[in-house]
Amino acid sequence: QVQLVESGGGLVQEGGSLRLSCAASGRTFSNYAMGWFRQAPGKEREFVAAITWSTGNTYYADSVKGRFTISRDNAKNTVYLQMNSLKPEDTAVYYCAAGGPYSLRDTGKYDYWGQGTQVTVSS
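Below is a short write-up of the structure. Bear in mind the structure is a predicted one, so any value in this text is a computation, not a measurement.

1. A closer look at the pairing of strand β9 (residues 92–99)
Among the 8 residues of β9, 7 are classified as buried, and the element is accordingly described as predominantly covered. Relative to β9, strand β4 (residues 33–39) runs antiparallel, the two sharing 7 bridges. Its bridge partner being in β9, Ala33 is matched across the sheet by Gly99. Direction of pairing for β9 relative to strand β11 (residues 117–122): antiparallel, over a ladder of 3 bridges. Counterpart to Val93 in the pairing with β11 is Gln118. The pairing of β9 with strand β10 (residues 110–113) spans 3 bridges and is classified as antiparallel. Among the inter-strand pairings, Gly99 is bridged to a residue of β10, identified as Tyr110.

2. Quick word on the sheet that holds strand β3 (residues 18–25)
Note: strands within a sheet are paired through backbone hydrogen bonds, in either parallel or antiparallel orientation. With antiparallel pairing, 4 strands are arranged side by side in an open sheet as β1-β3-β8-β7. On the outer flanks of this sheet lie β1 (3–7) and β7 (68–73), each paired with one strand and no other. Across the sheet, the axes of successive neighbouring strands diverge by a mean angle of 15°, strand direction being ignored. Bridge analysis of β1 against β3 gives 5 bridges, and the strand direction is antiparallel. Looking across to β3, one finds that Leu4 is bridged to Ala24.

3. Observations concerning the state of the cysteines
Per the counting criterion, the structure on display carries 1 disulfide. Between the sulfur atoms of Cys22 and its disulfide partner Cys96 the distance amounts to 2.0 Å. Here the disulfide of Cys22 and Cys96 is left-handed, its torsion about the S-S bond being about -70°. On the criterion of sequence distance, the pair formed by Cys22 in strand β3 and Cys96 in strand β9 is long-range, its members being 74 residues apart. Residues Cys22 and Cys96 agree in their burial class; the two are buried.

4. A short note on the packing of aromatic side chains
Applying the stated criterion to the full structure yields 6 aromatic pairs. Between Phe37 and Phe47, the aromatic rings sit 5.7 Å apart at their centres with planes inclined by 75°, giving edge-to-face as the arrangement. Here the residue Phe37 occupies a position in strand β4, and Phe47 occupies one in strand β5 (residues 46–52), the gap between them amounting to 10 residues. Given the relative accessible area of 9%, Phe47 is considered buried. Between Tyr110 and Trp113, the aromatic rings sit 6.0 Å apart at their centres with planes inclined by 55°, giving tilted as the arrangement. Given the relative accessible area of 28%, Trp113 is considered partly exposed. A cation over a ring is seen here: Arg45 above Trp113, with NZ or CZ 4.9 Å from the ring centre.

Each value, and the rule that gives it
- Residues numbered from 1 in each chain as written.
- Predicted model: local features only at pLDDT ≥ 70, side-chain atom pairs only at ≥ 80, totals over all residues.
- Heavy atoms only, no water.
- Buried < 20%, exposed > 50% of the residue type's maximum accessible area, 1.4 Å probe, protein only.
- Helix = DSSP H or I, 4+ residues; strand = E, 2+ residues; numbered from the N terminus.
- Pairing = 2+ DSSP bridges.
- Axes fitted to C-alpha atoms, helices over the stretch in contact; angles between N-to-C directions.
- Disulfide = S-S within 2.5 Å.
- Phe/Tyr/Trp six-rings, centres within 6.5 Å; stacked < 30°, edge-to-face > 60°.
- Lys NZ or Arg CZ within 6 Å of the ring centre and 35° of its normal.

Below, the structure is given as structure tokens:
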């Protein structure tokens, strides 16, 4: 049984930082990519960042480039999203997903999803 469990969300002031974690279990993900998506109220789920397990190649949405960093710890089967210089528009439920390894910005390319963690940035 595949499980993706996110943690690390919370309330932070504008300009602050948070680090999200996604612990993966239940199968080997070496041929997969891991992605972070977010969904704000009334909006569609959107791509934030992705990383491939095998090569560590990273991909970012333009809106977070330079502020967010995705990384992985293969030994712990965990993916992280370090979020700096947070803005109110970053407020959303953040989801971890496993899939790909191509077309990583497309939600339809991901097979497994976590339950989400709320990130709220106050102004």
